[in-house]
Every structure is written in structure tokens, then in C-alpha cells.
Amino acid sequence: MKLDIALLAGDGIGPEVIDQAVKVCDAIATKYKHEISWKPALTGAAAIDAVGEPYPDETHEVCASADAVLFGAIGHPRFDNDPSAKVRPEQGLLKMRQKLGLFANVRPTFTFPSLIDKSPLKRERIEGTDLIILRELTGGVYFGERGRKDDGNTAFDTMTYTRAEIQRLAKKGFEMAMNRSKRLCCVDKANVLESSRLWRETVQAMEKDYPEVEVSYEFVDAVAMRLVQWPKGYDVIITENLFGDILTDEASVISGSMGLMPSASVGEKTKLYEPIHGSYPQAAGKDIANPLATVLSAAMLFEDFGLQQEADDIRRVVNKSLAEGIVTEDLSEDAKAYKTSEVGDWLAKNV
Ligand code: IPM
Ligand code: MN
């Protein structure tokens, strides 16, 4: 297969983890005789420095005309500590999600056999966890009206959803549940928020189209608790943007490291694959960041193109590296820690 993949390394550890994913993908391409053509483009703080904005039109062109986008991370502390900054790297990520129509973010949570004891949660609670949080990605409070009132002392952000936005996300959730254990949980705050009541009403109305799917409705605060108490109680979770942002960080604790969890953002056309972790600026340039979340995001990419063996191969070598202790310092404990680039080389070689 011929694949044009836009390569958005971004900020912080982005470039380092992306480099490892590229090595692994190139090894897969050689093994299975695919032709991958990488199309690098600027985003985030790197793009602000170069051209003054975090998701330039040229970058959008590259993404929109590619078969898929592989993305590293966005964010720089220089902006975090400056609330008055007019342009922020994160705006690039939001603009990219919106312009590419990436309304659904697929964030799986699973455990790795050799890492179960690295999780702060007890083995019996997490072993066998296999859930997907389907996060709405282009609506809600991230994109609603926001601002300051004239008095300068009042600020507001608005959580807005249309029925159509909820339906298209929920449809993906129902379809995903049909291919899995047929359990779907809609997470909201319908006891307080009007937008949540619209979510609930909309999803309830769709139940009749998927009679085999058992749907439950839970409040987000309760889910925050149950997710770490008994994650095996969940299969497919659908939720709005901000709730999904928070719950997916929480869920990453189950797997043992934030550096492990991949994601795919899907929607109207070009799909985007990215680790769920951020730019981890403290580690940037040190060759210590865990590249596995990005490598596993690449596995999701191959899978979406119907290249199941390729995806399985990547997951197999990742599991092998974990089992053999070829890991970065977040997972090495007392044993030798490998560099980001060494882990990437090892994975590519083992493909
Ligand atoms: C994520 C990140 C982003 C988000 C930030 C960087 C804007 O936390 O992808 O989860 O909040 O969506
Ligand atoms: Mn997040």
C-alpha cells in the first residue's frame, strides 16, 4: 500500500517520540512492502516561532491532502506561565481538530501483562481491563463562547452542544459497542447541566436503532470514582469533550504510565493518530521520554487502513520490549533505563 502520512512532531518530547514511531513504521513498510511517504509540517510553539501561528495554512494543506496524520505533542511552558499570551500552541491543536473535522477521539485503555504491577492500582482490579473512551472532540466548552465581562473580574466559558453533534459521536459509540461486548455507557452530568440532558435525550432516542446494545447512563463524578475502582465494569464510554479529557488522563493510570496510551481522532476525512500524553517539556531533548504511546498510535493507524498484521506486529514487539525490560526510565524502576532512541531502534529491529 502507498501511504502519504503528514508528520506533525510539535513541541517538547514530540519530535523525539515521533522519530521512534517513524523508525518502527519504516521497518513495517520494508517488511510488508508498503511505501510510506512522510510529509513533515510545523505545528505548536515550533510553528509560532517560525511563522507566528500554531496551525498554519500550509500545515493544514499537508494534513488535509495526506492519507493520515501522525502527531506528537503540543505545548510549551513559556505560554503556560503567561496568561496574557495572545497566541497559544494549544490553539493549534484545537484548530487542527476543527479544520480536519476530527469530532471523535478514540482513547483505548488496556493493561500490559508485564506491567500490571507497575500500576498504583491493585492487580485484581485492573487485570483484563479493556475499555474505550470515545471523547467528543470538536464541541462543548472547548469551542463554546468564552470571554470576560466588562468589569474585568468575570470570565465565562460555555458548554454548547447540538443534537447533530451528539448523534454523530453516539453513532460511532453504538457501532463500536456492536463490535465489542455490546455495552455502552453515556457519561454526563444530566443532574445539573442542560447540555448533558440533551446528550441523554439524544442517546436514549438512538437506543431503538441498536436493540442489542445495553446502554447505561452515569454521572461523570461517579464514573471518575468507578473507573479506578472497577474499570472492568466499562466497555465503550461516550462523553463530551472536557469530561473525556479528564477521564482519559485518569484512565491512563490503569495501564501504568501516561507514556503508553495511544489515540486516534476520526471524523469527516483524514484521521489523526497521537499519544494521549502532552509535550512533557521537562524531558524535552533528553532522550528519556517513553515513545510507546506514539508507536502504538501508529499501530492504530495501520489497523484503520485494514493492515491488521502490521498493527499486530507493532503490538507484539511493544509487548516484547516491555517483557524484556527494554524500557525508558518511567518504567525501569531499579533496572537499567533505555534511552528513547534505543527503545525505538530495538523495536524497529525486532519488527
Ligand atoms: C489532550 C490535551 C489537549 C486537550 C490540550 C493540549 C489542549 O490535553 O489531547 O487531551 O485538552 O484536548
Ligand atoms: Mn488531555
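Reading the values: the criteria
Residues numbered from 1 in each chain as written. Chains lettered and ligands numbered in written order. Predicted model: local features only at pLDDT ≥ 70, side-chain atom pairs only at ≥ 80, totals over all residues. Heavy atoms only, no water. UniProt positions renumbered as here; feature names shortened; annotations may be inferred. Helix = DSSP H or I, 4+ residues; strand = E, 2+ residues; numbered from the N terminus. Buried < 20%, exposed > 50% of the residue type's maximum accessible area, 1.4 Å probe, protein only. Contact = heavy atoms within 4.5 Å. Polar contact = N/O pair within 3.5 Å; in protein donor to acceptor, adjacent residues only side chain to side chain. Pairing = 2+ DSSP bridges.

As a further point, take the UniProt feature "binding site: Mg(2+)" (unreviewed entry) in the protein chain. Taken from the UniProt record, the annotation "binding site: Mg(2+)" (unreviewed entry) applies to Asp-221, Asp-245 and Asp-249. On the basis of their most widely separated C-alpha atoms, the annotated residues across 29 residues gather in one place, lying no more than 14.4 Å apart. With respect to the secondary-structure elements, Asp-221 resides in helix α9 (residues 220–229). Residue Asp-221 is classed as partly exposed on the basis of its relative accessible area of 45%. Tracing the sequence through the fold places Asp-245 in helix α10 (residues 241–255). Not counting residues up to four positions away in its chain, the partners in contact with Asp-245 are Arg-107, Arg-135 and Tyr-142. Within the structure, the side chain of Asp-245 is placed 3.0 Å from the side chain of Tyr-142, a separation counted as a polar contact.

For strand β12 (residues 271–275), the buried fraction is high: 4 of the 5 residues fall into the buried class. The pairing of strand β3 (residues 68–73) with β12 spans 3 bridges and is classified as parallel. From the neighbouring strand, Leu-70 faces β12, where its bridge partner is Tyr-273. Note: strand β11 (residues 262–266) against β12, 4 bridges, orientation antiparallel. Paired with Pro-262 across the bridge in β12 is Pro-275. Between β11 and β12, which follow one another and run antiparallel, lie 4 residues.

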